[in-house]
Amino acid sequence: MRMSLMALIVVSTVGLVGTGATIGIVDYFAGDLPSINAIQTSNLIQTTRILDRNGDLIEALYHENRTVVPLSKISLKLQRATIDTEDRTFYDNSGVDYRRLAIAIVYDITHHTSTLGGSTITQQVVKNDVLDTDEAQSRTVSRKFRELLLAEEMERRYTKQQILELYLNTINYGNGAYGAEAAAVTYFQVHAGDLTWAQASFLAGLPQAPSSYNPFGTPDQQLAAMDRWGQVLDGMVAVGDLRRSEADAIYASDLLKKMVAVRQSMPAAHNAVTAHFVDYVEHYIKLRYGEQALYEGGLQITTTLDLKTQATADKWVKAGVNTYARRGVNNGAMLVMNPSDGEILAMVGSADYYNASIRGQINLTGMDPLGWRGVGSSFKVYTYGAALQAGIVTPASLVNDQTGVIGGHSFSDWDGKHEGYIPLRKALAESRNLPALWTYSLAGGDRIVSFMHNLGVTAQIENPEGVATTLGHDALSMSEHLAAYSAFDNGGYRVSPHAVLRVTDASGKVLEALDASAGRPQVISPELGYMMTDLLRGPVKLYLGGLGSRPVAGKSGTTEAYTGSIFIGYTPDIAVAASLMHIDAGPTCNSGYAYLATNFPPSGWQCPTSVLFGENVGISVWKPFLEEYYASHPWPAMWAQPAGVVTRQVCSYDGGYVTSGGYNEIFLKGSGEPRYPCGANPYPGQKPYTPPVPSPSASPSPSPSPAH
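Residues numbered from 1 in each chain as written. Predicted model: local features only at pLDDT ≥ 70, side-chain atom pairs only at ≥ 80, totals over all residues. Heavy atoms only, no water.

### A closer look at the overall build of the protein chain
- In terms of helices and strands, the protein chain carries 24 helices and 20 strands.
- Split into buried and exposed, the 708 residues of the protein chain put 53% on the buried side.
- Of all intrachain contacts in the protein chain linking residues separated by at least 6 positions in sequence, the fraction that spans at least 24 positions is 68%.
- When the accessible surface of the protein chain is summed, it comes to about 30,400 Å², and 54% of that surface belongs to carbon and sulfur atoms. (Helix = DSSP H or I, 4+ residues; strand = E, 2+ residues; numbered from the N terminus. Buried < 20%, exposed > 50% of the residue type's maximum accessible area, 1.4 Å probe, protein only. Contact = heavy atoms within 4.5 Å. Areas by Shrake-Rupley, 256 points an atom, 1.4 Å probe, with all protein chains shown as cover.)

Right under this line is the structure:
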């Protein structure tokens, strides 16, 4: 009965066309046809693309994978193949092909089915983009009549080019691809404007039943896709767009085989190598613009990431985990930043994003608070930095590596040895614990924690007055820790980690752009930054071989019971932090070294490894990463010594000043210079100072030069 009524409506409509009665009917059914602005291609749901700093695609985000392009950027071959397949009279009909519709209705009535379609391209645009979802899916006579009249009205309001452009940008091609551009990229990794006849003819057949004609699906779906392709080619031969021999050659090609092979070789949509970074960017964009803009707005997000640097970082984190697997290491992380402005060049949040047994999706670079970790002796820079800034010590000061009892508590060093009173420079280079503990006691916890917070580390310290804080058991964000180190490198400016350089909307309008100078306050003097950098060159010279002759500064960190080891530092143009550890998914520590946790209950999250020092991370992960990075980048010049840093001769007896016979050390000009002569400040138990007797043949002392 429904089909018979439809036939009657069609006949009636044909009779009405061109009469005055048509006007009233069209006004009733098509009066609310949206304006061109409401359905033009620029307002369609579009795919958001996350790009690296060089414009290379990192990941596409979408609810419907669509990139709107003008008709001029869609291959004429696809336009012709689509028209040949969907609506051969497209350029001649008025939006409805009544002859084709009548044939379809008669066929459906006589065959008791509704499989022979009669819709034109314009009708499909009406159904997909004008009618709401419920109405478009209904099969009532009134809906069909409304569709016919709306198609007629659309033809009067819009050009054929506009209608075809809408169709080719909205139609579903399967596998999440909506529109010609997304389909061309999804199936062939080319732009819609570059499609060949073979590719265009294949795509033209998919919209009829994209889930059934899936070239990446089951064998039955692939066979159906091939059959449909053959139908499209036959139609193109029938209208004269292809010769029979051309169509046969196209069909006999290995197009489908190549499509499947390329698809299988492509990484997962959420590539594990960049997944933590993408998660961070998604979170940032959602907070600023909302989820709809992220997945439907067609944003182009140009990030700070460098994909080549990211791949290198990922490679060396995995190498470090493999190197120390026998010691219980199963996870690691690395963050690489521009120390001048905080731009993130690489972010490896774990050794394996998809490995649930190591909690791989938790970002250990500290973007997620769940990934904050103890930083071990790399915390000592805050102790020494605050003490140097306050004038409590100088690089030449002799610090206590002799007495292990501080405030009634006993402490020892990693090697159980005591070196007596040693220069601060040596104590930092060798990462001696007792000197750092005594310096923390002298400077005071409030001063040191305030210094750390001023550099940008937001973590709340559990017990600021406890001297053991300097040994780095409090959990910090690796990213904030690295940003704080960057202030020593960049002249004393506080920077924050940044992941986004620029965001543009679908029309190309710039929504935001990174201002590298904004939010970059001076928090320490350039002189103090230079002095800390000069001191931090010591660990590199001691442990990292050839890097010691380069402009490289860094510090190791090892947490209690080897639950995590870190090496962190910088050159004049990149700052890098790397860590290795063991993490289990559940509450139990399964590394095999839980017995080493004598002062805390081991868990899957706080899980000891065998002996693993921060220096091991420096040697196996941090150093080779830096060497590979600079194999393709020029080494920067050495840091320039500011005018406010001076070189003075001091003696090894107590770090006091001498006029000759001592060694050169650097100091903050004025208040930071040694205030007493050599011999005036002996440490407890030291023999009285005896000035050296100058030799008659002694040559003049060399002119001062910067130390280290």
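That covers the picture; the talk isn't over yet.
### Overview of the pattern of salt bridges
- Counting across every chain of the model gives 23 salt bridges.
- The partner of Asp401 in a salt bridge is Arg432, with the nearest N and O atoms 3.1 Å apart. In this pair, Asp401 is assigned in strand E9 (residues 398–401) and Arg432 in the loop between helix H19 (424–429) and helix H20 (433–443), connecting sequence segments 31 residues apart.
- Of the residues examined, Asp401 reaches a relative accessible area of 0% and is grouped as buried. (Salt bridge = Lys/Arg side-chain N within 4 Å of Asp/Glu carboxyl O.)

### What to know about the packing of aromatic side chains
- This structure, assessed with the given rule, holds 19 aromatic pairs.
- Their ring planes at 85° and their centres at 5.0 Å tell us that Tyr629 and Tyr630 sit as a pair that is edge-to-face.
- Taking the relative accessible area as the measure of exposure, Tyr629 reaches 11% and is therefore buried.
- Ring pairs connect the aromatic residues Tyr187, Phe188, Phe202, Phe216, Trp229 and Tyr251, which therefore count as one cluster.
- In this structure, Lys160 packs its charged tip against the face of Phe90, placed 4.5 Å from the ring centre. (Phe/Tyr/Trp six-rings, centres within 6.5 Å; stacked < 30°, edge-to-face > 60°. Lys NZ or Arg CZ within 6 Å of the ring centre and 35° of its normal.)

### Concerning the nonpolar core
- Ile301, Phe379, Tyr382, Leu455 and Phe488 are the most contacted members of the largest nonpolar core, which has 82 residues in total.
- With seven residues, helix H22 (residues 478–489) is the largest single contributor of residues to this core.
- Residues within four places of Ile301 in sequence aside, it is in contact with Thr48, Arg49, Ile50, Leu51, Val281, Ile285, Leu294, Val500, Arg502 and Val503.
- Counting residues in hydrophobic clusters, the runner-up holds 54 residues, among them Tyr167, Ala180, Tyr187 and Trp229. (Core = buried A, V, L, I, M, F, W, Y, C linked by side-chain atoms within 4.5 Å.)

### Things to note about the confidence of the model for the protein chain
- The predicted model of the protein chain has a mean per-residue pLDDT of 89, with 87% of residues at 70 or higher.
- Contacts from residues 1–5, a stretch scored under 50 in pLDDT, to residues over four places away or in other chains number eight contacts.
- pLDDT under 50 marks residues 14–20. Its contacts with residues more than four places away, or in other chains, come to five contacts. (pLDDT = per-residue confidence, 0-100.)

### With respect to the environment of Val393
- Summarising the element assignment, Val393 is placed in the loop between helix H18 (380–389) and E9.
- Look at Val393 and you get buried, because its relative accessible area is 7%.
- Sequence separation between Val393 and Leu424 is 31 residues, and the spatial gap between their C-alpha atoms is 8.1 Å.
- Look past the residues within four positions of Val393 in its chain and what remains in contact with it is Ala387, Leu388 and Leu424.

### Some remarks on unusual backbone geometry
- Positive phi, normally seen in glycine, also occurs at Ala561, with a value near 65°.
- For Ala561, the position within the fold is in the loop between strand E16 (553–558) and strand E17 (565–570).
- The backbone of Tyr562 shows a phi angle near 55°, a positive value even though the residue is not glycine.
- Relative to the helices and strands, Tyr562 resides in the loop between E16 and E17.

### Quick look at the pairing of strand E14 (residues 500–504)
- Of all five residues in E14, four are buried, a share of seventy percent or more.
- Pairing analysis gives three bridges linking E14 to strand E15 (residues 510–513), with the strands arranged antiparallel. Bridge pairing in E15 places Val503 opposite Glu512.
- Count of turn residues in the E14/E15 antiparallel hairpin: five residues, of which Gly508 carries a positive phi of about 95°. (Pairing = 2+ DSSP bridges.)

### Describing the sheet that holds strand E6 (residues 331–337)
- The antiparallel open sheet is built from five strands, whose spatial order is E7-E6-E18-E17-E16. Each edge of the sheet is formed by a strand with only one pairing partner; in this case those strands are strand E7 (344–348) and E16. Averaged over all adjacent pairs, the angle separating strand axes in this sheet is 5°, with direction ignored.
- Direction of pairing for E6 relative to strand E18 (residues 575–581): antiparallel, over a ladder of seven bridges. Its bridge partner being in E18, Val336 is matched across the sheet by Val576. (Axes fitted to C-alpha atoms, helices over the stretch in contact; angles between N-to-C directions.)

### Describing the state of the cysteines
- If you walk through the whole model with that rule in mind, you get two disulfides.
- Shown here is the disulfide that connects Cys651 with Cys678, its sulfur atoms set 1.9 Å apart. Linking Cys651 and Cys678, the disulfide has an S-S dihedral of approximately 100° and is accordingly described as right-handed. Residue Cys651 is found in the loop between strand E19 (645–650) and strand E20 (663–668), and its partner Cys678 is found in the segment after E20; the two are separated by 27 residues along the sequence. Like Cys678, Cys651 is buried.
- Of note for the protein chain: the bonded cysteines, numbered N- to C-terminal, pair according to 1-2, 3-4. (Disulfide = S-S within 2.5 Å.)

### Some remarks on the packing of helix H10 (residues 180–188) against helix H11 (residues 197–205)
- Between H10 and H11, the least distance of the axes is 11 Å, while the angle of their chain directions is 115°. With respect to H11, the element H10 is oriented roughly perpendicular. Seen along the crossing, H10 lies across H11 with a hand that is right-handed. Of the residues in H11, those in contact with Ala183, Ala184, Tyr187 and Phe188 of H10 are Gln199, Phe202 and Leu203.
- Class assignment for the residues of the contact of H10 with H11 results in six nonpolar, one polar and no charged. (Parallel < 35°, antiparallel > 145°, perpendicular 65-115°, else oblique. Left-handed = near helix turned anticlockwise from the far one by under 90°. Nonpolar A, V, L, I, M, F, W, Y, C, P; charged D, E, K, R; others polar.)

### Quick look at the sheet that holds strand E5 (residues 300–303)
- One open sheet holds the five strands; their spatial order is E2-E1-E5-E14-E15, and the pairing between them is mixed. The sheet is open, and its two borders are formed by strand E2 (57–61) and E15, each paired with just one other strand. The mean angle between the axes of side-by-side strands here comes to 15°, regardless of whether they run parallel or antiparallel.

### Let's talk about the pairing of strand E1 (residues 48–51)
- Residues Thr48 and Ile50 point to one face of E1 and Arg49 and Leu51 to the other, with burial holding for every one of them.
- For E1 and E2, the ladder comprises four bridges, and the chain directions are antiparallel. Bridge pairing in E2 links Arg49 to Ala60.
- Counted between consecutive antiparallel strands, the loop separating E1 from E2 contains five residues, among which Gly55 sits at a positive phi close to 90°.
- As judged from the three bridges shared by E1 and E5, these two strands associate in the parallel manner. In the sheet register, Arg49 faces E5, and the bridge partner there is Gln300.

### Concerning helix H6 (residues 121–130)
- The buried count for H6 comes to seven of ten residues, which makes it a mostly enclosed element.
- Here H6 has its buried residues at Ile121, Thr122, Gln123, Gln124, Val125, Val126 and Val130.

### Quick word on H20
- Counting buried residues along H20, eight of its eleven residues qualify, which places the element largely inside the surrounding structure.
- Against H18, E9, strand E10 (405–406), strand E12 (420–423), H19 and helix H21 (445–454) lie the buried residues of H20.
- Following H20 by one or two positions, Gly444 adopts a phi angle in the positive range, close to 95°.

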